[in-house]
Number of protein chains: 2
Amino acid sequence: MVIINLSGDIMEAIASAPGKTILFGEHSVVYKQPAIATAVNKRATISIKRSTNGVSTLRSDDLQFEAELDTENKSYNLIRGKPGIIRYILEALFSTHDHSPIDIKLSLNIPIGSGLGSSAAVTVATLAALHKFHGIKFNKHLIAKKAHIVERNVQGIASPLDTLVCTNGGMIYLSRDKMVSRFNLNFKSSFVIGYTSKRGNTGKMVRSVRALKNRNPRILGSIIKTMGQIVDEAKLAIISGNNQKIAELMNINQGLLDSIGVNTTELSRMVYSARRHGALGSKITGSGGGGSIIAFCPGKSNEVHDALNKYDNAIKIALSNEGVNLKYR
Amino acid sequence: MVIINLSGDIMEAIASAPGKTILFGEHSVVYKQPAIATAVNKRATISIKRSTNGVSTLRSDDLQFEAELDTENKSYNLIRGKPGIIRYILEALFSTHDHSPIDIKLSLNIPIGSGLGSSAAVTVATLAALHKFHGIKFNKHLIAKKAHIVERNVQGIASPLDTLVCTNGGMIYLSRDKMVSRFNLNFKSSFVIGYTSKRGNTGKMVRSVRALKNRNPRILGSIIKTMGQIVDEAKLAIISGNNQKIAELMNINQGLLDSIGVNTTELSRMVYSARRHGALGSKITGSGGGGSIIAFCPGKSNEVHDALNKYDNAIKIALSNEGVNLKYR
């Protein structure tokens, strides 16, 4: 799990964590309905080494990013790249690091802005690597909890579901009374994520749905309750690996997301393009208003990927049972 | 109402009837939910004269259509044009005409295939003109009933709502127990209809929704019930002329229509294009799977019309209180 030199010091701690996707329940989860999120086979990997020159650094070749870090003051000196993800790493360091100089390397094959939870994956991987580096005992429960706090501190609000999934892997079902169950995924899961360059603003979309609900309490109440019914039926369909049912429920859920006003021209175009090119089901994933769609396309992921990639961005993913893990190098 | 020559014979009977649009309740109306349809300011006009050469003819300059009719055998000899609408006229003649030779002229400014009920309007206008031509007493109730039978005979199935609206004008609200109420429309009603060259198949779409409902009874049951709630709230919004509410309910209803699988790439593109160009609300009108959308665009109907007309067909309409009527000429 860690590299130890001959004198017994940890030389390098490495941890990786998966990205996530929300399959069912976005928005309705805000109104005490259940939700389903799963880990995906795209990951963030963090390696931490002692620095040899007294300066803490963060470097990611994948993101073409480099910065010097002041971990005590959560500040940085940007050498190249966009600073987006650094805030999560600084916040994680602030919560767990002793501020001794370290060199951090980040590998990330989760596209930023794809809705695949790059920030949660990076946060979870950073925290796990830090605990290992300092020889602090931990378990997944602790990491998920700390990662949620990091995300909340950076973003103002954050869904605990993201960090739960990135820590535990597999499928997480969040019940109406906020109980969490984890399931292994056993169906062949060829998905394609399509995302536009226009990012969704989760807070804004949640507020807009609330306003629509305040103006139309009875109708929105019914729709949100129906979304919850879909989540429960989807849970059974996923556990039993019923592809047709999963897809059908995705398509129904997509219409309901459209009805509450979180769809856009671009998302709608991707949803229908995916279906036209062979996806069994497709829907917005996440809060909408920009952002991403997810298409379920057994046997057709290349076709769907290429179709979406023509006008927008696309990435093929599979669901994954692997949560955060530690590696020797 | 009719032209009478000096000897007292009727020389020409003219009647016109409006097209219709379904504002709310398509599909859910099949499951005993209410629906709202309104007459529009586009009409079919039928004139009937005695033929001078012993042959019955039908001619429409608008449709570039001409045929000789055998009214006894419901058959025809096509001279030019597409025969589509002729079946309704022959069926109406068969129900009400004495088969003496007549010349029929049809003016139609309702585009065929636009979902604006050209067949119902033509049927209603034909029946009203025929009754007048033969001096048969009639009222709107009788015309609506006969027109529904004509449509059913031609199509196999038909909604009585279409012929009711084309006969009575204004807004027709069909209740859960199939009671009909008529309301005058008092709000400034700038709408645009967008339609593709791909026509929807109502029977096919109704069957596909039924199959989806059989596979997902609980979820579809909830969605259909919610569609009914929307119709009831829309009725109040229309009566009180609350534009924002009408539009918001159209948008919610659109999502629910998408959720039951009757949306298409083209319809979705038109719905979002309309909103982007200033429509307050937009939705599929009719059974979907091809066919038409309706966009509510006070002050923006030119912009929305031009945007939709770029890739598809569009027509500006207003709602109308005028039902079938008879004119002297």
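Quantities reported herein were computed from a predicted structural model and do not represent experimental measurements. Position numbers for residues count from 1 along each chain, tracking the sequence in the order it is written. Here every chain gets a letter starting at A, and every ligand a number starting at 1, in the order they are written. In keeping with the predicted nature of the model, local features appear solely for residues at pLDDT of at least 70, side-chain atom pairs appear and are counted solely at 80 or more, and the whole-chain, interface and lining totals rest on all residues. In computing side-chain properties, one takes all heavy atoms of the structure into account and sets aside hydrogens as well as water.

Caption draft 1: Region of the structure containing the environment of leucine 142 of chain A. Residue and element names in this part refer to chain A. Within the secondary structure, leucine 142 is located in helix α3 (residues 140-155). On the accessibility criterion, leucine 142 (31% relative accessible area) is partly exposed. For the pair leucine 142 and leucine 127, spaced 15 residues apart in sequence, the C-alpha separation works out to 9.8 Å. Contacts are residue-level and defined by heavy atoms, with any inter-residue pair within 4.5 Å sufficient. Setting aside residues no more than four positions away along its own chain, leucine 142 makes contact with His131 and Lys137. Numbering goes from the N terminus for both helices and strands, where a helix is a DSSP run of H or I of at least four residues and a strand is a run of E of at least two. Only protein chains enter the accessibility calculation, which uses a 1.4 Å probe; a residue whose area is less than 20% of its type maximum is buried, one above 50% is exposed, and one in between is partly exposed.

Caption draft 2: View of empty space enclosed by the protein. For cavity detection a 1 Å grid was placed over the protein atoms alone, and a set of points counts as a cavity when a 1.4 Å probe fits there but cannot get out; an open set counts as a pocket when protein lies on both sides within 12 Å along at least five of seven lines, with lining residues being those that have an atom within 4 Å of a point. Grid points are joined across faces, edges and corners, and a volume is the space filled by probe spheres set on the points. Overall, the coordinates contain one cavity of 30 Å³ or more when judged by the stated rule. Of the volumes computed, that of the largest cavity is approximately 30 Å³. Around the largest cavity sit Asp258, Asn263, Ser268 and Tyr272 of chain A together with Gln254, Asp258, Asn263, Ser268, Val271 and Tyr272 of chain B, which together line it. Counting residues per element, the ones that place at least two in the lining of the largest cavity are α8 (265-276) of chain A together with α7 (243-259) and α8 (265-276) of chain B. Classification used: nonpolar for Ala, Val, Leu, Ile, Met, Phe, Trp, Tyr, Cys and Pro, charged for Asp, Glu, Lys and Arg, polar for all others including Gly. Grouping the constituent residues of the lining of the largest cavity by class yields three nonpolar, five polar and two charged.

Caption draft 3: Quick look at the interface of chain B and chain A. In this assembly, 28 residues from chain B lie in contact with 28 residues from chain A. Where chain B abuts chain A, roughly 2500 Å² becomes buried across the two surfaces, and 51% of that area is made up of carbon and sulfur atoms. One side-chain nitrogen of Lys or Arg within 4 Å of one carboxyl oxygen of Asp or Glu is enough to make a salt bridge. The closest approach of N and O atoms between arginine 218 of chain A and glutamate 233 of chain B, which form a salt bridge, is 3.9 Å. Here a polar contact is taken to be a pair of N or O atoms separated by no more than 3.5 Å, where protein atoms must pair a possible hydrogen donor with a possible acceptor and residues adjacent in sequence count only if both atoms sit in side chains. Joining chain B to chain A, the criterion identifies 17 residue pairs in polar contact (both at pLDDT 80 or more). When two parts are brought into contact, each loses some accessible area as probed by a 1.4 Å sphere; the total of that loss over both is the buried area.

Caption draft 4: Geometry of the layout of surface pockets. Residue and element names in this part refer to chain A. Here the second largest pocket is characterised by a volume of approximately 1400 Å³. Gln155, Ser159, Asp162, Thr202 and Ser287 are, among the 47 residues lining the second largest pocket, the residues nearest its centre. If you list the elements that add at least two residues to the lining of the second largest pocket, you get β2 (10-24), α1 (86-96), α2 (118-133), α3, α4 (160-168) and α5 (202-215). Considering every element that reaches the lining of the second largest pocket, the biggest residue donor is α4, with four residues. Within the lining of the second largest pocket, the residues separate by chemical class into 18 nonpolar, 22 polar and seven charged. Two domains each provide a minimum of three residues to the lining of the second largest pocket, namely domain 1 (2-182) and domain 2 (191-317). Note: domain ranges come from an automatic or database domain assignment.

Caption draft 5: Broad picture of the nonpolar core. Put simply, a nonpolar core is a bunch of buried Ala, Val, Leu, Ile, Met, Phe, Trp, Tyr and Cys residues held in one set by side-chain atoms that sit within 4.5 Å of each other. With 182 residues, the main nonpolar core has Phe24 of chain A together with Phe24 of chain B as its most contacted residues. Beyond its immediate sequence surroundings of up to four residues, phenylalanine 24 of chain B is in contact with Ala35, Ile36, Ile230, Val231, Ala234, Ile238, Ile246, Leu249, Met250, Asn253 and Lys283 of chain B.

Caption draft 6: Focus on helix α9 (residues 301-311) of chain B. Of the positions making up α9 of chain B, those classed as buried are Ser301, Val304, His305, Ala307 and Leu308 of chain B. Buried residues in α9 of chain B, looked at end-on, bunch into an arc of 165 degrees, giving them a common side. Note: the arc covers the axis-to-C-beta directions of the helix.

Caption draft 7: Molecular detail of the UniProt feature "domain: GHMP kinase N-terminal" (unreviewed entry) in chain A. UniProt positions are given in the numbering used here, feature names are shortened, and annotations may be inferred rather than shown by experiment. The positions UniProt marks with the feature "domain: GHMP kinase N-terminal" (unreviewed entry) are residues 89-170 of chain A. For residues 89-170 of chain A, helix accounts for 60% and strand for 9%, while the C-alpha atoms at its two ends are 24 Å apart.

Caption draft 8: Highlighting helix α6 (residues 217-239) of chain A. With 23 residues, α6 of chain A extends 33 Å between its outermost C-alpha atoms, agreeing within 8% with the 33 Å of an ideal straight helix rising 1.5 Å per residue. Of the residues trailing α6 of chain A, glycine 241 of chain A is marked for its positive phi of about 65 degrees. The length a helix should cover is 1.5 Å for every residue beyond the first.

Caption draft 9: Fine view of the sheet that holds strand β13 (residues 313-317) of chain B. All names here are of chain B. Spatially, the four strands line up as an open sheet ordered β11-β12-β10-β13, and their pairing is antiparallel. Pairing within the sheet leaves two strands with one partner each, and these edge strands are β11 (281-285) and β13. Across this sheet, the average inter-strand angle for adjacent strands is 20 degrees, counted without regard to direction. Two strands are said to pair when DSSP picks up at least two bridges between them. Alignment of strand β10 (residues 191-195) against strand β12 (residues 292-296), held across five bridges, turns out to be antiparallel. By the bridge assignment for β12, isoleucine 193 is matched with isoleucine 294. Structural elements are reduced to axes, namely lines fitted to C-alpha atoms, with helices fitted over the stretch in contact, and the angle between N-to-C directions of any two is expressed from 0 to 180 degrees. The strands touched by α7 within the sheet are β10, β11 and β12, with β11 carrying the most contacts at an inclination of about 45 degrees.

Caption draft 10: Spatial organisation of the relation of the copies chain B and chain A. Of the transformation placing chain B onto chain A, the axial shift is 0.0 Å and the rotation is 180 degrees, giving an RMSD of 0.1 Å. Here the copies are linked by what is in effect a two-fold axis. When each C-alpha of chain B is compared by its distance to the rotation axis, glycine 255 of chain B comes out closest, at 2.3 Å. Most of the interface of chain B is mirrored in chain A, where 100% of its interface residues are also at the interface. We place the copies in one frame by least squares, fitting the C-alpha atoms of every residue whose pLDDT is at least 70 in both.

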